[in-house]
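# Coordinates in review
Spelled out from the first residue to the last, the chains are:
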Amino acid sequence: GLIPSPLLINSDSLKRLGGHPYLNYNQAKAIISYREVHGKFESPEDLMAIKIISDSTFEKLKPYISVKE
């Protein structure tokens, strides 16, 4: 099958982030809020600083996220 393009956590829209099967709308909003406050994510692990993204969610998401533009 087709490999889905990675989630670009530094630039993707709320709609795109929230549309990912492993993220809900509130988590997607939190990612956007976090980057507005703290600037760009340096590494995927920075997502772990967001309280409503659990370790298990992060582990599932990790292969699909990129901090590149």
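Nothing here was measured: the structure is a model prediction, and the numbers come from that model. Per chain, the residues get numbers from 1 upward, laid out in the order the sequence is written. Residue-level local features of this predicted model are given only where pLDDT is at least 70; pairs of side-chain atoms are given and counted only at 80 or more, and the full residue set underlies all totals for whole chains, interfaces and linings. The side-chain values count all of the structure's non-hydrogen atoms but skip hydrogen atoms and water molecules.

## A word on the nonpolar core
In plain words, nonpolar cores are sets of buried Ala, Val, Leu, Ile, Met, Phe, Trp, Tyr and Cys residues tied together by side-chain atoms within 4.5 Å. Throughout this description, buried means an accessible area under 20% of the type-specific maximum (1.4 Å probe, protein chains only), exposed means over 50%, and partly exposed covers the range between. In this structure, Leu17, Ile31 and Leu47 are the most contacted members of the largest nonpolar core, which totals 15 residues. Each helix is a run of DSSP H or I of at least 4 residues and each strand a run of E of at least 2, with the numbering of both proceeding from the N terminus. At the level of secondary structure, the elements contributing two or more residues to this core comprise helix H2 (25-38) and helix H3 (55-61). Take this core: its biggest share by element is 4 residues, from H2. The contact rule is simple, with two residues in contact once any of their heavy atoms fall within 4.5 Å. Contact partners of isoleucine 31, with chain neighbours within four places excluded, come to Ile9, Leu17, Leu23, Phe41, Leu47, Ile50 and Ile53.

## What to know about the packing of aromatic side chains
Put simply, two rings from Phe, Tyr or Trp (the six-membered ring, in Trp's case) pair if the centres are within 6.5 Å, and we call them stacked under 30 degrees between planes, edge-to-face over 60, tilted for the rest. Enumeration according to the criterion identifies 2 aromatic pairs in this entry. Here the aromatic rings of tyrosine 34 and phenylalanine 41 are separated by 5.1 Å at their centres, their planes lie at 15°, and the arrangement is stacked.

## What about the pattern of salt bridges?
Salt bridge, as used here, is a side-chain nitrogen of Lys or Arg placed within 4 Å of a carboxyl oxygen of Asp or Glu. Tallying each qualifying case throughout the model produces 2 salt bridges. For arginine 16, the salt bridge goes to aspartate 12, with nearest N and O atoms at 3.2 Å. Aspartate 12 gets classed as buried once you look at its relative accessible area, which sits at 9%. With a closest N to O distance of 2.9 Å, lysine 62 and glutamate 45 form a salt bridge. A residue pair is termed long-range when its members are at least 10 positions apart, and lysine 62 in the loop between H3 and strand S2 (65-66) and glutamate 45 in the loop between H2 and H3 qualify at 17 residues.

## Some thoughts on the environment of methionine 48
Topologically, methionine 48 is positioned in the loop between H2 and H3. Taking the relative accessible area as the measure of exposure, methionine 48 reaches 38% and is therefore partly exposed. Taking the C-alpha atoms as reference points, methionine 48 and glutamate 69, 21 residues apart in sequence, are found 20 Å from one another. With residues near it in sequence (within four places) discarded, methionine 48 still touches Asp55 and Phe58.

## Things to note about H2
Since one α-helical turn is 3.6 residues long, residues separated by three or four positions face the same way. To estimate the expected span of a helix, count its residues, drop one, and scale the result by 1.5 Å. Counted at 1.5 Å a residue, the expected span for H2 with its 14 residues is 20 Å, and the 20 Å between its end C-alpha atoms agrees. Turning to H2, its buried residues number three or more, namely Gln27, Ala28, Ala30, Ile31, Ile32 and Arg35. Summarising the contacts, the buried residues of H2 are in contact with strand S1 (7-8), helix H1 (14-18) and H3. The definition of a polar contact used here is a pair of N or O atoms within 3.5 Å, where within protein one atom must be able to donate a hydrogen and the other to accept one, and adjacent residues in sequence count solely through side-chain atom pairs. Measuring from the side-chain oxygen of the N-cap residue of H2 to the backbone nitrogen of asparagine 26 gives 3.0 Å; that N-cap residue is asparagine 24.

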